[in-house]
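Secondary and tertiary structure notes
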Amino acid sequence: MRSFDLAGDPVELCAALVDVPSVSGDEGELADALEAALRAQAPHLVVQRSGHAVLARTELGRDKRVLLAGHIDTVPIADNVPSRRDGGLLHGCGTSDMKAGDAVFAHLAAALPGPRHDLTFVFYDCEEVEAVRNGLGRIEREHRGWLAADLAILGEPTNGAVEAGCQGTLRVDVTVRGQRAHSARSWLGDNAVHKAEAVLHRLATYTAREVDIDGCRYREGLQAVRIAGGVAGNVVPDACVVGVNFRFAPDRDAAAAEKHVREVFDGFEVTLTDLSPGALPGLGEPAAQEFLAATGTVPTAKLGWTDVARFAALGIPALNYGPGDPNLAHTRDEHVDPRRITEAVDVLRRFLG
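Residues numbered from 1 in each chain as written. Predicted model: local features only at pLDDT ≥ 70, side-chain atom pairs only at ≥ 80, totals over all residues. Heavy atoms only, no water.

Now for the sheet that holds strand β5 (residues 89-91). Within the open sheet, the three strands sit side by side as β4-β5-β19. Their pairing is antiparallel. Unpaired on one side and paired on the other, β4 (84-86) and β19 (335-336) mark the two borders of the sheet. The pairing of β5 with β19 spans two bridges and is classified as antiparallel. Following the sheet pairing, Leu90 is matched in β19 by Val336. (Pairing = 2+ DSSP bridges. Helix = DSSP H or I, 4+ residues; strand = E, 2+ residues; numbered from the N terminus.)

Here's what the structure looks like:
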């Protein structure tokens, strides 16, 4: 089994985490090593295992509890494991998204035996794949008490900024019907692909809403993400499906978001295929204000969906904060600036120590 030095250099810890491949669904080796390290090097923590997730927490009787959560899985490796150093940067699959954040949290788990808030650490699996496999969902179902907290901090890559809340995301299929015919006698048919132009026109002329929530500006977006139609090279198609993704501000709930999309495509056949609500910033909560003061930064809106939405649904204020660069996530050249890792450790130590 791999061994990690949790209390040592968090940058070296990040490299060690990257060197253990953990593509979604195959996190077992990394989870085993993390669990063993926490049990051996952080005796002040209660440690529990859930599938390929590792949970640890203090039980000091503090007035507040802060939860630090990070997924340990990565997208498929692109010839970028093991890690390597180049020009002062640490390269490798998962460095940015989000083993740098995991390294920060795992380091603090061992290095802060007496924090001023009780702490819960959640290192979970299967974030990079379909939502039904997400380890946080399993933990919520099987170990709900472990997710109780006054503030949750998700180590998603934010380049050291605080990104509050998150957008919701919705997907629909907009189907246009026609009449099939031989293309040599096209006047006998009704081309559904041609008729889909009306759907694309509504998308092209759509004005996206921008909304300010707690000083964070969320920008919505309605985009065609795929189009499918056609039967054969000599057939007038009788159906065309336009896949549409709506990224919506968290002041809309799931029902309102779906209603809006159906209104945009009024008169067309609309089928909902996926829907995940967003999360409001929650910046008014005392624990969130305390953390913001420790960072010394001005929060911005999270333009995208993250697991903060899961915590928000449980009534827990949640923020995104991590040392990785979101623009490098999932890329072949994924890397992290080690200075961001040490900076994140310093900020969280100031907040929690």
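So, about the pairing of strand β15 (residues 239-248). Of all the 10 residues making up β15, seven are buried; the element is thus mostly covered by neighbouring parts of the structure. Here 10 bridges tie strand β9 (residues 168-177) to β15, and the two strands are oriented antiparallel to one another. Across the sheet, Asp173 pairs through a bridge with Gly243, a residue of β15. The sheet contact formed by strand β13 (residues 221-229) and β15 spans eight bridges and is antiparallel. Within β15, the position partnered with Arg226 by the bridge is Gly243. (Buried < 20%, exposed > 50% of the residue type's maximum accessible area, 1.4 Å probe, protein only.)

Here we take up the sheet that holds strand β2 (residues 53-57). Taken together, the eight strands give an open sheet; going across it, the order is β1-β2-β6-β3-β7-β18-β8-β17, and neighbouring strands pair in mixed fashion. The sheet is open, and its two borders are formed by β1 (46-50) and β17 (300-301), each paired with just one other strand. One ladder, built from two bridges, connects strand β8 (residues 163-164) with strand β18 (residues 318-320); its direction is antiparallel. Each residue of the ladder has a partner; that of Glu163, found in β18, is Asn320. Contacting β1, β2 and β6 (118-124), helix α2 (residues 28-41) crosses the sheet at an angle of about 165° to β1. (Contact = heavy atoms within 4.5 Å. Axes fitted to C-alpha atoms, helices over the stretch in contact; angles between N-to-C directions.)

On to the layout of surface pockets, then. The volume enclosed by the largest pocket comes to roughly 680 Å³. Looking at the largest pocket, it is lined by 28 residues, and the ones nearest its centre are Glu127, Arg247, Gly304, Trp305 and Thr306. Counting residues per element, the ones that place at least two in the lining of the largest pocket are β9 and β16 (269-276). Of the residues forming the lining of the largest pocket, the biggest block, three residues, is contributed by β16. Residues that form the lining of the largest pocket fall into these classes: nine nonpolar, seven polar and 12 charged. Shared between two domains, the lining of the largest pocket takes at least three residues from each, and those domains are domain 1 (10-166 + 279-352) and domain 2 (168-276). (1 Å grid on protein atoms, 1.4 Å probe; cavity = no way out; pocket = protein on both sides within 12 Å on 5 of 7 lines; lining within 4 Å. Points joined across faces, edges and corners; volume = space filled by probe spheres on them. Nonpolar A, V, L, I, M, F, W, Y, C, P; charged D, E, K, R; others polar. Domains from an automatic or database assignment.)

The next point concerns unusual backbone geometry. The peptide bond linking Val81 to Pro82 adopts the cis configuration, its omega dihedral lying at 10°. Its place among the elements puts Pro82 in the loop between β3 (65-71) and β4. Positive phi, close to 55°, is recorded for Asp79, a residue that is not glycine. Of note in the backbone geometry, Asp214 takes a positive phi value of approximately 55° without being a glycine. With respect to the helices and strands, the residue Asp214 is situated in the loop between β11 (210-213) and β12 (216-219).

Along the chain, Ala164 falls in strand β8. Linking Ala164 and Asp274, residues 110 residues apart in sequence, is a C-alpha distance of 23 Å. Excluding residues that lie within four positions of it along the chain, Ala164 makes contacts with Cys216, Tyr218, Pro281, Leu283, Thr300, Ala301, Lys302 and Leu319.

For Asn320, the location among the structural elements is in strand β18. On the basis of relative accessibility, which here comes to 0%, the residue Asn320 falls in the buried class. Polar side-chain contacts of Asn320 include one of 2.9 Å to the side chain of Thr306. In this structure, Asn320 is in contact with Leu154, Glu156, Thr158, Ala161, Val162, Glu163, Gly165, Lys302, Thr306 and Val308, ignoring residues within four places of it in sequence. (Polar contact = N/O pair within 3.5 Å; in protein donor to acceptor, adjacent residues only side chain to side chain.)

The next thing to look at is the environment of Val235. Tracing the backbone through its elements, the reader meets Val235 in strand β14 (residues 235-236). Spatially, the C-alpha atom of Val235 lies 45 Å from that of Asp73, the residues being 162 residues apart in sequence. With residues up to four places along the chain from it excluded, the contact list for Val235 reads Arg180, Ala181 and Ser183.

Relative to the helices and strands, Ser96 is located in helix α3 (residues 95-111). Apart from residues no more than four positions distant in its own chain, Ser96 is found in contact with Pro157, Gly324, Asp325, Pro326, Leu328, Ala329, Glu334 and His335.

To continue, consider the nonpolar core. Core analysis: the biggest nonpolar cluster contains 62 residues, and Phe4, Leu38, Phe121, Ile153, Phe291, Leu348 and Phe351 have the highest contact counts within it. Ranked by the residues each element gives to this core, the list is headed by α3, at eight residues. When residues are assigned to domains, this core turns out to be shared by domain 1 (10-166 + 279-352) and domain 2 (168-276), each giving three or more. With residues near it in sequence (within four places) discarded, Phe121 still touches Leu45, Val54, Leu55, Ala56, Leu68, Phe105, Leu108 and Ala109. (Core = buried A, V, L, I, M, F, W, Y, C linked by side-chain atoms within 4.5 Å.)

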